[in-house]
Amino acid sequence: EAGVAQSPRYKIIEKRQSVAFWCNPISGHATLYWYQQILGQGPKLLIQFQNNGVVDDSQLPKDRFSAERLKGVDSTLKIQPAKLEDSAVYLCASSSNRGRKETQYFGPGTRLLVL
Amino acid sequence: AQTVTQSQPEMSVQEAETVTLSCTYDTSESNYYLFWYKQPPSRQMILVIRQEAYKQQNATENRFSVNFQKAAKSFSLKISDSQLGDTAMYFCAFGGGSEKLVFGKGTKLTVNP
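Values in this document were obtained by computation on a predicted structure and should not be read as measured data.

Novice: How do you make sense of the state of the cysteines when you look at a structure like this?
Specialist: Throughout this description, disulfide means a covalent bond between two cysteine sulfur atoms. For the coordinates displayed, the defined rule picks out two disulfides over all chains. Sulfur-sulfur distance for the disulfide between A:Cys23 and A:Cys92 comes to 1.9 Å. Between A:Cys23 and A:Cys92 the disulfide shows an S-S torsion of about -70°. By sign, it is left-handed. Linking A:Cys23 in strand S3 (residues 19–24) with A:Cys92 in strand S9 (residues 88–95), this pair joins segments that are 69 residues apart in sequence. A:Cys92 shares its class with A:Cys23; the two are buried. At a sulfur-sulfur separation of 2.0 Å, the disulfide partner of B:Cys23 is B:Cys92.

Novice: I'm lost on the pairing of strand S4 (residues 31–37) of chain A in this one. Help?
Specialist: Along any regular strand, the residues point their side chains to alternate faces of the sheet. Residue and element names in this part refer to chain A. Among the seven residues that make up S4, seven are buried, leaving the element largely enclosed by the rest of the structure. Bridge analysis of S4 against strand S5 (residues 44–50) gives six bridges, and the strand direction is antiparallel. Paired with Tyr33 across the two strands is Gln48, which belongs to S5. Taking the residues that link successive antiparallel strands as the turn, the S4-S5 hairpin has six residues, and the phi of Gly40 there is positive, at about 85°.

Basis of the calculations
Residues numbered from 1 in each chain as written. Chains lettered and ligands numbered in written order. Predicted model: local features only at pLDDT ≥ 70, side-chain atom pairs only at ≥ 80, totals over all residues. Heavy atoms only, no water. Disulfide = S-S within 2.5 Å. Helix = DSSP H or I, 4+ residues; strand = E, 2+ residues; numbered from the N terminus. Buried < 20%, exposed > 50% of the residue type's maximum accessible area, 1.4 Å probe, protein only. Pairing = 2+ DSSP bridges.

Below, the structure is given as structure tokens:
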């Protein structure tokens, strides 16, 4: 079974530029999560999708971050414009069903550096 | 809001020895799940072990076991017969009614040969 795929693995941009990250969850997984992991901290949930609907985006900075999950499969997370404090690893995870019972499987992450 | 505290930023252990990583959490919920995730330098987060709060029996997975003390809100991870491949960041995570995971800041474990 293929795992969660993410691209790109690394991205360097200048502040005020835009960037987009892509995630392909494990096949059949209905729930998809985007986490932000700042150096030295644990991951923090940005947004959770159930199929193509948003379940939780309470910690997403909506003035600059946006995310979509078209057709309930792949997802894209965008930052526009980027700030220095957005430098972090962006992790995508998926689980098979809605509910905390289900284990979340993580992708390798995208490391973003904003200069 | 739930919080997860890992009080040991870094730990080291000799190969083949046993090490215990600490985790405490704060919640008012009675039904929840707890997880330990491992994050090697390659950055892929991997589930190590999980515990359902309603189960009194401590979870075990091969060399990994937990000591779950619900009243004390403590959830420690014991790694027996440590191996070089166990070197990684270890994160404790809480899964409550909101479904999202709340992570601690992590413990960096180094296994020395």
